Every structure is written in structure tokens, then in C-alpha cells.
Amino acid sequence: MSDAPQDTPPARPEAADPCLSGEAVAGELRLAASRERTVDDHMFRAGRTSFRLQLFTAPGQRAVAVVTQDLDEVPSLTHTAESCAEAVWQRHCPDQELPPVWIERQSPGAFGGEPEFRLVTFGETEPHQVHDPHWDAISAEQVVHLAGGPVAEDRGEGYVPLEPEVLPEEWFEAIGLWRLAQPSPFRTDCMSGGRPWWHRWVRMVFPRHDERSCCWYHSGDWHRVNRLALDVLSHARHEGVTATDMARYAHKYAVAAGASDWEREALFTVYRSSDALQPSGSSYLSRGYINGQHRVQAMLDAGVRRTVVLRVTWPDSPAD
């Protein structure tokens, strides 16, 4: 997600799933028509990403793609929205001028609730290329109305989960942002990854607490989220919470602390393994990111000093 939540945002994620407004949903609902489900591929693959693809088509109508995934599948639909939409466009409707209307669903839903459909709209499109995705909640009834026919909501009986041959050891740890590499976020114009090193220190001395409307990443208080994240880490260690249980533990902690919806969502992305901030390499310095560049940039813009990152060690892997 990139860093929006799956969600959850950044689980973009990045996690995640920034909901910008209902305007996009209203606009796409105007495309509602009677369509036929012409593709139902339970194991569609776009690169390393696997998902169920239901494609609804009709002569003279823009195609509608409903894609579903289990919550713990990686790479997630949210993190690979562009490449997945491009793969379906190229493979199944290459003659259409616009990409298929893109609707994703991951189950179970964020925070243990009911799964939600998300309408993904793209700000820019080129022939068989899409950019700048934005997520909006859309109801199951609206999805059926838009697609023009029955829509299956599950992963499908043809889904074959991949069994990992080797499981890594995962744990979370606190870290100062000064130790992280300079991020190079994409998708979001309000983030510039090229700021000089001294900008970090100036922003830490004069932090920002304002909320901005430019994107999901800048629309909340990362200072409070990271205070919650550090508190969660301390309490979880004392109680022996495993890395795989940290996301749900963090959500319960945030609810008890009276966190806002955005804060709960952002905190969930910190502790959900598929969205967690994960620098590459063990030294962190100048090594880049496996995940989390957008959120790190937003934290740097706010002047956050400490955060929580995911550490992963594979058995028999050489030391960095």
C-alpha cells in the first residue's frame, strides 16, 4: 500500500485503503447495465499476486471486474492495484479504451469486522496502464447493481492456498526515523522523497500536527498513532503477544484508548504483517524499503521521531 490499508490502508495501506469520498462511487454507478459474467477465474495471477477474478461484460458497455482475496494473501490487491488492473485489461478486454471498473474485496474485513468491497478509481490512464489509485467503500448491493448480475463474494472453491515452504521469524521493534533510508514514494504528488537530510531534523524540532486533505497519508495525526504504536509494543511484549496477533491486539488497544477511525486504521497498518513498515536490510541506513515508504514520508513531514517496524529473519539466511 505503497501504504494505504488493505487495508485497511496501507493495510496502503501502502495498507491500506484511503476512502476519499462517495463521488467516485456515484460516478461509476452511472455505468450500471445488464452484464454477463464472462470470466470467473479463481486463481487469476498478475505477476506474484493471485486473486479471484469475476469479469462482467456486455456489448457496448465498459467491463466491470470484481476481484477477491483472503486477508493474509501477499502480495495484496491493495499494494498491487495498478499491475493487477493492467493485467486484466490487457488479457480480457484489450480493445476497450478504458480499464475495467475495478472493485476489490478482502476477507475477513479489517479489524475483524465484515469484509468490505472497495471501488478503486485511477486518476490517470494510458493504453493498458493505470496510475494514481484511490479507494472508496461501496456496498454489496451497489456492486451487484453496477455489475448487472449476481456477484460471488468469496475466494471460490477453486482457490488453492500456497503453502509456504519455509516460515520466517517475525517481530516488531521500535526505531528512530533518522535511521531509515530516504523514502521515494510514488502515486501521491504531495510527497517529495527528495528533501535534504537536514529537513528531517528541522521538522523534528518544529513538528506539524495539522491534518491535510491532499491524501490519506497526510489526513491524520501520525504523532498520536506512533505514541499508540509504541505503547502497544510495550504492553504486547509484557503480555507475550506474538507478531501474528499484533494487529488485532493493536486494534483492541486503540479502541480502548478512544482513537479515531483514521488512527485505528493507521495503527492497524503498522502491525499488520502484509502492510507493516519494513526497511530492507538489518542496518536500515540507506538500504531502502520492502514496504512503508508513503507512511514514512508522511511521518517525516510531520516530524515524528520514533515508530515501529517489522523485522523478518528467514532460516539459514546470510547476515546483512
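See the structure shown above.
What counts and how
Residues numbered from 1 in each chain as written. Predicted model: local features only at pLDDT ≥ 70, side-chain atom pairs only at ≥ 80, totals over all residues. Heavy atoms only, no water. Buried < 20%, exposed > 50% of the residue type's maximum accessible area, 1.4 Å probe, protein only. Helix = DSSP H or I, 4+ residues; strand = E, 2+ residues; numbered from the N terminus. Pairing = 2+ DSSP bridges. Axes fitted to C-alpha atoms, helices over the stretch in contact; angles between N-to-C directions. Phe/Tyr/Trp six-rings, centres within 6.5 Å; stacked < 30°, edge-to-face > 60°. Lys NZ or Arg CZ within 6 Å of the ring centre and 35° of its normal. Salt bridge = Lys/Arg side-chain N within 4 Å of Asp/Glu carboxyl O.

S.K.: Tell me about helix 8 (residues 293-302), and name the residues and values.
M.R.: Among the 10 residues of helix 8, 10 are classified as buried, and the element is accordingly described as predominantly covered. Gly303, located one to two residues past helix 8, shows a positive phi value of around 90 degrees.

S.K.: Give a detailed account of the sheet that holds strand 2 (residues 49-57), specifying residues and quantitative values.
M.R.: Strand order in the open sheet formed by six strands is 1-2-3-4-5-6, and the pairing between neighbours is mixed. Only two strands of the sheet have a single neighbouring strand rather than two, namely strand 1 (36-46) and strand 6 (129-138). Within the sheet, the average angular offset between the axes of one strand and its neighbour, ignoring direction, is 25 degrees. Both strand 1 and strand 2 contribute to a ladder of eight bridges, which runs antiparallel. If you follow Asp40 over to strand 2, its bridge partner there is Gln54.

S.K.: So what about the packing of aromatic side chains? Which residues, and what values?
M.R.: Applying the stated criterion to the full structure yields seven aromatic pairs. Here Trp222 and Trp262 contribute two aromatic rings whose centre-to-centre distance is 5.1 Å and whose plane-to-plane angle is 75 degrees, an arrangement assigned as edge-to-face. Here Trp222 is found in helix 5 (residues 222-239), whereas its partner Trp262 is found in helix 7 (residues 261-271), with 40 residues between them in sequence. Through successive ring pairs, a cluster of aromatic residues spans Trp216, Tyr217, Trp222 and Trp262. The positively charged end of Arg105 is found above the aromatic ring belonging to Phe117, 5.3 Å away from the centroid.

S.K.: Summarise the environment of Leu277; cite the residues concerned and give the values.
M.R.: Examined against the element boundaries, Leu277 turns out to sit in the loop between helix 7 and strand 8 (278-279). Owing to a relative accessible area of 2%, Leu277 belongs among the buried residues under this scheme. Placed 30 residues apart in sequence, Leu277 and Thr307 show a C-alpha to C-alpha distance of 8.9 Å.

S.K.: Report on the pattern of salt bridges, specifying residues and quantitative values.
M.R.: According to the stated counting rule, one finds 11 salt bridges in the structure shown. For Arg37, the salt bridge goes to Asp40, with nearest N and O atoms at 3.6 Å. We note a salt bridge from Arg272 to Asp275, for which the minimum N-O separation is 3.5 Å. Across this residue pair, the class does not change: Arg272 and Asp275 are buried. Residues participating in the shared-partner salt-bridge network are Arg37, Asp40, Arg52 and Asp154.

On their own, these measurements won't tell you what the molecule is for.
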